[in-house]
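Topology and contacts: notes
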Amino acid sequence: MRKDVRILLVGEPKVGKTSLIMSLVSEEFPQVVPYRAEEITIPADVTPERVPTHIVDYSEAEQTDEQLSSEISKANVICIVYAVNNKKSIEKVTSHWIPLINDNTDKDSRVPVILVGNKSDLVEHSSMETILPVMNQYTEIETCVECSAKNLKNISELFYYAQKAVLHPTGPLYCPEEKQMKPACIKALTRIFKVSDLDNDGILNDNELNFFQRTCFNAPLVSQALEDVKNVVRKNVIDGVCDNGLTLKGFLFLHTLFIQRGRHETTWTVLRRFGYDDDLELHQDYLFPLTLKVPPDCTTELNHNAYLFLQSVFDKHDKDRDCALSPEELKDLFDVFPYMPWGPDVNNTVCTNDEGWITYQGYLSQWTLTTYLDVQRCLEYLGYLGYSIISEQESQAVAITVTRDKKIDLQKKQTQRSVFRCNVFGDSGSGKSGFLQAFLGRNLTRQNTVSEEHMSYYAISTAYVYGQEKYLLLHEVFPDFDVLSDTDLACDIVCLVYDASNPHSFEYCARVFKQYFMDTKMPCMMIAAKSDLQETKQLYALTPLEFCRKHKMPPPQAFTCNTADAPCKDIYTKLTTMAMHPHARLRCMCTCNRCTFCHLQNFINSELVQTVKAKLYTAILSRHVTQADLKSSTFWLRVSAGATVFAVLGFAMYRVLLKQRLPSRVRTSVAHLHIL
């Protein structure tokens, strides 16, 4: 709402403009009236709408036409005062004052006008019959009030209506000529209805109506009041009530009725609670809360409550319960948006079903991607969905978690983040796009059906690392070696893809690594793509395996998306694990990081075990062992006891890990142990 209201009183001389102001302030009729009253400011705490109000008088005797024009342009509402016993002053309303006001205001944003008939104490008749045609002719006239400065009749009401005309204007809501709400108002109220329809059945039931009432007016409706409202709708609108609930048609009728009965403030209270400004546009402060600050080297993620809200939105629009959103369901979901936020490329960024519809996992993944890459856009989208209202929060900023600085994560060697970014580098034709699409479960045959114009440079899905669900975000970097931005280099892990069948492909990966990542602590992995084709010797000084060994990288991982079924996702689990633990040296024989063997291997190679082992060696070797010790049974007893304890602890840990595996994985682990 506005921070203040400026009311200007104009009219012919001696109609009582100054008397009205002085009677309001002193609550008595002044015996001596000056030509013009000084500007008066009424504090917010004594006004009905709790808004500071400035009242400005005009005097033809003391002010010039330029000063009058200036005051008209600054006013929020203008009261044209006439004397009910003076026909000339009434005629001047249409012949002089309204044209003058229109000439000094913008045509697209007319200032509301209040007609004030003063000196009603001097006549026994009303001037309303004369004024009504004028009100019908000029849409900028909000209302007409007859009053008396001498008898203090309707003085407070006059200035209340003036305030109301500014804070709750009729103009944006209603068209008097057509006697119906304007399209912008209908559009805004339709969105409000759909946001409030929590189960998306097209009806506001009693629980939803009570939630709506409590949200907007801080008080629920009693049962009888609800029935009274529905009875009014039933009598006036066909299909306004269905299954004892209020339909959209009935909801719009109620607000039309409020406006026609002069209760604009009811509709405006609803509109402003749902984020709308005076122009019936969603306010920028509502869509983009200023409370969210994201420091450098921090990322943004959705918190648990935000995911629960998005899950409820998905569930209420997934009408066929197939855990996927058809094009019609997706359109219905985004009907509360002013535009369609997701284009065709989204279907190639997240997981879809066989029909190409976004699945539940893909839906959450896209929201996760938007939050990570453009948190302001995510806040805007949550605002359209009414997150702060449905979740009863101050703003949608509470849905966002700002992660800890990555440097602190590296120092503490642990992270609470759930989203990890992997930038994928590789020369043209190396198989980067195929690598991204394979993460979404698409083999080469399915990838060939995708239109090139709808291809995406991002792919996001989930990967499980030690039982924890994490999001891995793959970003294909454009292969321009000399133009790599900070965004191209900022990530949690680097994936270097080369075509194993192209002898010139590896050189690009080697150059990128040596120029940008060799002197950093960024974990990197080399991918030998198109491994189903005949492998060719790479024309480089070192073989890919030798290059990886030299730079202490894992050996190149063979990969192909030319499979009968969905491509294997073990490599993506490995990438996520390395991104989560960039400080650890993870060595996994089968690259799954899920079986018991892999758990044991990673535990043995972990820094904790390496540190304990080093301290044991130090403790043993630092003690001088004499010939007498070697011949002493006590010394060997201690050595045997220590070895036994170490073996028992290791076996116990193995049994604990083994119990957590499924039977099929146990058999896989045993097979691995036999091979070992």
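The rules we used
Residues numbered from 1 in each chain as written. Predicted model: local features only at pLDDT ≥ 70, side-chain atom pairs only at ≥ 80, totals over all residues. Heavy atoms only, no water. UniProt positions renumbered as here; feature names shortened; annotations may be inferred. Buried < 20%, exposed > 50% of the residue type's maximum accessible area, 1.4 Å probe, protein only. Helix = DSSP H or I, 4+ residues; strand = E, 2+ residues; numbered from the N terminus. Pairing = 2+ DSSP bridges. Contact = heavy atoms within 4.5 Å. Expected span 1.5 Å × (residues − 1). Arc of directions from axis to C-beta. Lys, Arg positive; Asp, Glu negative; His and termini not counted. Salt bridge = Lys/Arg side-chain N within 4 Å of Asp/Glu carboxyl O. Polar contact = N/O pair within 3.5 Å; in protein donor to acceptor, adjacent residues only side chain to side chain. Axes fitted to C-alpha atoms, helices over the stretch in contact; angles between N-to-C directions.

- The name given to the protein chain in an unreviewed UniProt entry is Mitochondrial Rho GTPase, with Oncorhynchus mykiss as the source organism.
- Under Subcellular location (unreviewed entry), UniProt gives the following word-for-word description of the protein chain: "Mitochondrion outer membrane".
- The Sequence similarities (unreviewed entry) comment attached to the protein chain in UniProt states, word for word, "Belongs to the mitochondrial Rho GTPase family."

1. So, the pairing of strand β18 (residues 468-476)
- Of all nine residues in β18, seven are buried; the element is thus mostly enclosed.
- In terms of strand pairing, strand β16 (residues 419-426) meets β18 through six bridges, oriented parallel. Bridging from a neighbouring strand, V419 pairs with Y471 of β18.
- With eight bridges joining them, strand β17 (residues 458-465) and β18 adopt antiparallel strand pairing. Note that in β18 the partner of I460 across the bridge is L473.

2. As for the environment of F559
- Locating F559 in the fold gives a position in the loop between β21 (557-558) and α23 (570-580).
- Placed 124 residues apart in sequence, F559 and F435 show a C-alpha to C-alpha distance of 8.3 Å.
- When near neighbours in sequence (up to four residues on either side) are disregarded, F559 contacts F435, A438, I527, A528, A529, K530, S531, C568, I571 and Y572.

3. Details of helix α8 (residues 223-236)
- Helix length check: α8 (14 residues) gives 21 Å between terminal C-alpha atoms against 20 Å at 1.5 Å per residue, within 8%.
- Taken as a whole, α8 has its buried residues at L226, K230 and V233. The buried residues of α8 all sit within an arc of 55° when viewed along its axis, so they share a single face. In α8, the exposed positions that point more than 90 degrees away from the buried face belong to Q224, K235 and N236.
- In this structure, the buried residues of α8 make contact with α7 (206-217), β10 (241-242), β11 (245-247) and α9 (248-260).

4. Structural notes on the side chain of R191
- Structurally, R191 can be placed in helix α6 (residues 183-196).
- Although R191 is buried, it makes no salt bridge; D335 carries the closest opposite charge, 10 Å away.
- When residues no more than four places from it in sequence are discounted, the contact partners of R191 are F274, Y276, L282, Y286, V336, G383, Y384 and G386.

5. Brief notes about the side chain of T247
- Tracing the backbone through its elements, the reader meets T247 in strand β11.
- A polar side-chain atom of T247 sits 3.0 Å from the main-chain carbonyl oxygen of G240.

6. Description of helix α4 (residues 128-137)
- Residues of α4 that are buried: I131, V134 and M135. Relative to the axis of α4, the buried residues are bounded by an arc of 100° and lie together on one face. Facing away from the buried side of α4, by more than 90 degrees, are the exposed residues E129, N136 and Q137.
- Check the buried side of α4 and you find it contacts β4 (77-83), α3 (87-103), β5 (113-118) and β6 (141-146).

7. Section: the sheet that holds strand β2 (residues 40-42)
- The strand order across the open sheet formed by six strands is β2-β3-β1-β4-β5-β6, and the pairing between neighbours is mixed. Strand pairing shows two members of the sheet lacking a second neighbour, β2 and β6, which therefore form its edges. Pairwise comparison of adjacent strand axes, ignoring direction, gives a mean angle of 20° for this sheet.
- One ladder, built from three bridges, connects β2 with strand β3 (residues 53-56); its direction is antiparallel. Note that in β3 the partner of T41 across the bridge is H54.
- The strands touched by α3 within the sheet are β1 (5-11), β4, β5 and β6, with β4 carrying the most contacts at an inclination of about 160°.

8. Considerations on the UniProt feature "domain: EF-hand" (unreviewed entry) in the protein chain
- Under the UniProt annotation, "domain: EF-hand" (unreviewed entry) lies at residues 305-340.
- With 56% helix and 6% strand, residues 305-340 has end C-alpha atoms that lie 24 Å from one another.

9. Examining the sheet that holds β11
- If you walk across this open sheet you meet the three strands as β9-β11-β10, and the pairing is antiparallel. The open sheet has two free edges, formed respectively by β9 (203-204) and β10, since each of these has just one partner strand.
- Where β10 meets β11, two bridges bridge the pair, whose relative direction is antiparallel. Counted as the bridge partner of V241 is L246 from β11.
- Packing against the sheet, α9 makes contact with β9 and β11, and its axis sits at approximately 80° to β11.

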